[in-house]
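Here are the chains, one letter per residue:
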Amino acid sequence: MMRTTEQLTRIFGQEAATRVSTARLLVVGAGGIGCELLKDLSMSGFQHIEAVDLDTIDLSNLNRQFLFQRRHIKRPKSEVAVQAIRDFNPGIDAHARQANIKEPIFDVDWFSQFDLVLNALDNLDARRHVNTMCLAAHVPLIESGTAGYLGQVTAIKGGETECFECHPKPVERKTFPICTIRSTPSAPIHCIVWAKNYLFAQLFGERQDDEDMTAEEDAENMEELKQLREESMALAKLTEAMGSPEFARVVFEKVFSGDIARLLSMPDMWKHRQPPTQLDYDELESAALGSDFDPTSPGTHTAMSLTDAFVLFKYTAGRLAQRLDSDGQGGSISFDKDDEDALNFVAATASLRSYVFGIDQTSIFETKAMAGNIIPAIATTNAVVAGMMVTQAIMVVSEQMSRCHTAYVSYNSKRSRSVLSEPLATPNPTCAVCRRRYLTLRVADLSRTTLGDVVDYLHMLAETENNLYLGEDISIVEGSRILYDLDFEDNMEKSMEELDLGRGRMITVTREDLDDVENVAATVPVVLSIAGPRVEDGGQPLDLDIEGFGLVPEFAPLPPPTIDEAAPSGDQLHFADDDVAVVVDDSDGDEGLATLNHAENVNDISDELAKRKLSDIGIRGESPVKRRAVATDDETTISE
């Protein structure tokens, strides 16, 4: 790595090169972006890397996740990826974990050991969780994402930049790499992507030449090798059964019984989620005998029952196998949402999988809409984004945060540049996630310490230099669960253990009485991350202790009421579909929203927050501003 160090020194300076070689990094996700990122980090001078990913390698990953080979199928992604970067850089200190990053063991202490966290995740829930944990641990985060030809990278540091949740995100994307949905689906779209991009493609798509799957036959790999051989035989059996009366049965028993049994054999995977349920082919076939469901003309706007989905699966599997057989050896069928057999097969298998994992059902019509909008993962976009992440990482660990930026990848043949950037934005002063004082609550004995002890300790701090300015009237919540306020003291005598407030949990403490409060900190809720005791020099741990006061950033006073809050009752900002900002007024007066009422276009608006809101949804520049009066009970009015 001597040459890499010399290059870093020339570009970023000697101090930056030293910090890069000693920094401890956490990479969350070892899939499309993660593979490229781990490779780039290992070849850029970073020597201490830990990778976490729950998934195992699937055949469909091999076209874009280049650290994986066919012999690695069914092995943990994180382990294979880390072994690959060790091969690139034999001296690297790299470790892998196959785990869910949301597990309680990955608490604030665990995150605090790293100098930087890099997200290579593809689902919002996990990204939000990592964002919160980095804020709580006071560790900077590099956030990333891709969708087809689009990509984005930004740096996040509590108190200095916007966090991941400073602005609302869509509830769910329709872009899902298949690697994330093989084992733990949690939404209908996961089942649809699995049915379309995995099962349909494997059974009826373009065939790939079989290759031997080999692994080192030592004690550590024997179980993995056994599973690889069993999977190879199962796939061969499916191919042999194509076109036979038993085809539907062997497919069903593999993916809805055998594969589910394999997942159930890994109890650690189901510690914090509902385990799947195996389906029985013979039971469903018996139930189908009394069904009047017609698979030749299934209803498209209602969700199928389990039996109906089974009947449609059998029918479409036979139809597609017959079509494939008639094409001759080597033929294939590409998924087309307008191909009735293909669509109904995907809808039926997605429905069956939803029953297996206890997920809400979707109709054939809804399946068609979702399957037709799935954006493929593109290896080039992943590579570009990973490269930008490494550049940002070097600047963050070398304490050159001011040089970081938010970068976007956006392919457009009419634009000369595909990568655009802008300065990092400051935190949203009203963000419900980063406008918090994150501290660590250390508890020596969860079974003995009560919630009342915690409340008393918080009140005691008011007499010390670590005064949190919470006052006497406080509330304590965990997520949406109310634990304590002045009118609810039922939990005061309960232990932290009884309340399920263990390591990795977070509780939020808020001052209820804000009248005449002059100290800005008093208006900012306190989030306490529960952790184990800290014992130093063989001493006895304190029963209760709170750490991290010196790491809490300074908070500016809340801005004056926004245009929405300052408007009279009924005045709202309405975002129209035709790129027009509309001031909706259902009051009798003309006051309120003055900066918008008298503006002819968005450029004329003086209120920067209003401009920001409009810009976030694509209304900017010369977009006109109009005024419209509506009735108070008009249900079509939309408030921002």
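Residues numbered from 1 in each chain as written. Predicted model: local features only at pLDDT ≥ 70, side-chain atom pairs only at ≥ 80, totals over all residues. Heavy atoms only, no water.

Chemist: Is there a simple way to explain the overall build of the protein in this structure?
Modeler: Across its full length, the protein carries 18 helices and 17 strands. The proportion of buried residues among the 640 residues of the protein is 49%. Contacts in the protein between residues at least 24 apart in sequence constitute 68% of all its contacts with a sequence separation of at least 6. Here the protein has roughly 31,200 Å² of accessible surface; of this, 47% comes from carbon and sulfur atoms. (Helix = DSSP H or I, 4+ residues; strand = E, 2+ residues; numbered from the N terminus. Buried < 20%, exposed > 50% of the residue type's maximum accessible area, 1.4 Å probe, protein only. Contact = heavy atoms within 4.5 Å. Areas by Shrake-Rupley, 256 points an atom, 1.4 Å probe, with all protein chains shown as cover.)

Chemist: Please clarify how helix α7 (residues 188-204) should be interpreted in this entry.
Modeler: With 17 residues, α7 ought to run about 24 Å at 1.5 Å a step, and its terminal C-alpha atoms sit 22 Å apart, in line with that. For α7, the principal kink sits at alanine 195 and spans about 30°. Counting buried residues in α7 gives 13 out of 17 residues, a clear majority hidden from the surface. (Expected span 1.5 Å × (residues − 1). Bend = angle between axes of the 7 residues up to and from the residue.)

Chemist: Would you take a moment to explain the environment of isoleucine 85 for this structure?
Modeler: Among the secondary structure elements, isoleucine 85 is positioned in helix α4 (residues 77-88). Each C-alpha atom, one on isoleucine 85 and one on leucine 67, is 8.4 Å from the other, the two residues being 18 residues apart in sequence.

Chemist: Teacher, can you tell me more about the pairing of strand β3 (residues 93-97) here?
Modeler: Look at any regular strand and the pattern is simple: side chains alternate between the two faces of the sheet. Where strand β2 (residues 48-52) lies against β3, five bridges are found, and the strand directions are parallel. Of the residues in β3, the one forming a bridge with valine 52 is arginine 97. For the crossover that starts at β2, traverses α4 and ends in the parallel β3, the hand is right-handed. (Pairing = 2+ DSSP bridges. Right-handed = clockwise from strand over helix to strand, strands pointing away.)

Chemist: How should I be thinking about the confidence of the model for the protein in this particular structure?
Modeler: A low pLDDT means the predicted coordinates there should not be read in detail. With 77% of its residues at a pLDDT of at least 70, the protein reaches an overall mean of 80. Note on residues 207-221: pLDDT is under 50 here. Beyond four places in sequence and across chains, it has 22 contacts. Predicted confidence is poor over residues 562-599, with pLDDT under 50, and the contacts of this stretch with residues over four places away or in other chains come to 98 contacts. (pLDDT = per-residue confidence, 0-100.)

Chemist: Help me out: how do you make sense of the nonpolar core in this one?
Modeler: Looking at soluble globular proteins, one finds that nonpolar side chains tend to be buried together. Counting 56 residues, the largest nonpolar core has Phe204, Phe247, Val251, Phe252, Phe313 and Phe345 as the members making the most contacts within it. Among the secondary structure elements, those contributing two or more residues to this core are α7, α8 (222-241), α9 (247-264), α10 (281-288), α11 (306-326), α12 (340-357) and α13 (364-371). The greatest single-element share of this core, amounting to eleven residues, is contributed by α7. Here phenylalanine 247 is in contact with Leu203, Phe204, Leu238, Ala241, Met242, Ala317 and Ala321, once residues within four sequence places are set aside. In terms of nonpolar packing, the next biggest core, distinct from the first, is built from 48 residues, Val20, Val385, Met389 and Leu424 among them. (Core = buried A, V, L, I, M, F, W, Y, C linked by side-chain atoms within 4.5 Å.)

Chemist: Explanation requested: the pairing of β2 in the structure shown.
Modeler: With four of its five residues buried, β2 lies for the most part within the structure. With five bridges connecting them, strand β1 (residues 24-28) and β2 associate as parallel partners. Residue leucine 26 lies in a different strand from β2, and its bridge partner there is glutamate 50. Taken together, β1, helix α3 (residues 32-42) and β2 form a β-α-β motif whose crossover is right-handed.

Chemist: What is the right way to read the packing of aromatic side chains from this model?
Modeler: Both the distance between ring centres and the angle between the ring planes are used here to describe each pair of aromatic rings. The full count for this structure, using the stated rule, is 16 aromatic pairs. Ring geometry for phenylalanine 200 against phenylalanine 335: centres 5.8 Å apart, planes inclined by 85°, an arrangement best described as edge-to-face. Of this pair, phenylalanine 200 sits in helix α7 while phenylalanine 335 sits in the loop between α11 and α12; the two residues are 135 residues apart in sequence, bridging distant segments of the chain. Both rings, one in phenylalanine 313 and one in phenylalanine 345, keep their centres 6.0 Å apart while their planes meet at 35°; by these two values the pair is tilted. Here phenylalanine 313, found in helix α11, pairs with phenylalanine 345, found in helix α12; they are 32 residues apart in sequence, far enough to count as distant. These aromatic residues form a ring-pair network of at least three members: Trp194, Phe200, Phe204, Phe247, Phe252, Phe256, Tyr281, Phe310, Phe313, Phe335 and Phe345. When the ring centre of tryptophan 194 is taken as origin, the NZ or CZ atom of arginine 353, which lies over that ring, is 4.3 Å away. (Phe/Tyr/Trp six-rings, centres within 6.5 Å; stacked < 30°, edge-to-face > 60°. Lys NZ or Arg CZ within 6 Å of the ring centre and 35° of its normal.)

Chemist: Help me understand α4 in this model?
Modeler: An ideal rise of 1.5 Å per residue puts 16 Å on twelve residues; α4 measures up with 17 Å between its terminal C-alpha atoms. Among all positions in α4, only Lys77, Ser78, Val80, Ala81, Val82, Ala84 and Ile85 are buried. Where the residues of α4 are buried, they touch α3, β2 and β3.

Chemist: Would you mind showing me how to read the sheet that holds strand β9 (residues 437-443) here?
Modeler: The strands that make up a sheet pair up through hydrogen bonds in the backbone, lying either parallel or antiparallel. Taking strand neighbours across the sheet as the criterion, the six strands line up as β11-β10-β12-β13-β9-β14 in an open arrangement whose pairing is mixed. Each having just a single partner strand, β11 (481-484) and β14 (544-547) make up the two edges of the open sheet. For this sheet, the mean angle separating the axes of adjacent strands, direction not counted, is 30°. Direction of pairing for β9 relative to strand β13 (residues 526-531): parallel, over a ladder of six bridges. In the strand pairing of β13, threonine 440 is matched with serine 529. With respect to the sheet, helix α15 (residues 451-460) is in contact with β9, β10 (474-478), β11, β12 (506-511), β13 and β14, its orientation differing from that of β14 by roughly 50°. (Axes fitted to C-alpha atoms, helices over the stretch in contact; angles between N-to-C directions.)

Chemist: Is there a simple way to think about the packing of α3 against α4 in this case?
Modeler: For any two helices packed against each other, the geometry comes down to the angle between their axes and how far apart the axes lie. For the pair α3 and α4, interaxial distance at closest approach is 9 Å and the crossing angle is 30°. Here α3 lies roughly parallel to α4, going by the angle between them. The two elements α3 and α4 meet at a crossing, and its hand is right-handed. Here Leu38, Lys39 and Ser42 of α3 lie close against α4, whose contacting residues are Ala81, Ile85 and Phe88. Of the residues in the contact of α3 with α4, the class split is four nonpolar, one polar and one charged. (Parallel < 35°, antiparallel > 145°, perpendicular 65-115°, else oblique. Left-handed = near helix turned anticlockwise from the far one by under 90°. Nonpolar A, V, L, I, M, F, W, Y, C, P; charged D, E, K, R; others polar.)

Chemist: Hey, could you run me through the pattern of salt bridges in this one?
Modeler: Working definition: two side chains of opposite charge can pair if their charged atoms are close together. Using the criterion set out here, one finds 28 salt bridges in the structure. Residues arginine 448 and aspartate 445 are paired through a salt bridge, measuring 3.7 Å at the closest nitrogen-oxygen approach. Look at aspartate 445 and you get partly exposed, because its relative accessible area is 26%. One continuous salt-bridge network, built from bridges that share partners, spans Glu246, Arg249, Glu253, Asp282, Glu285 and Lys314. (Salt bridge = Lys/Arg side-chain N within 4 Å of Asp/Glu carboxyl O.)

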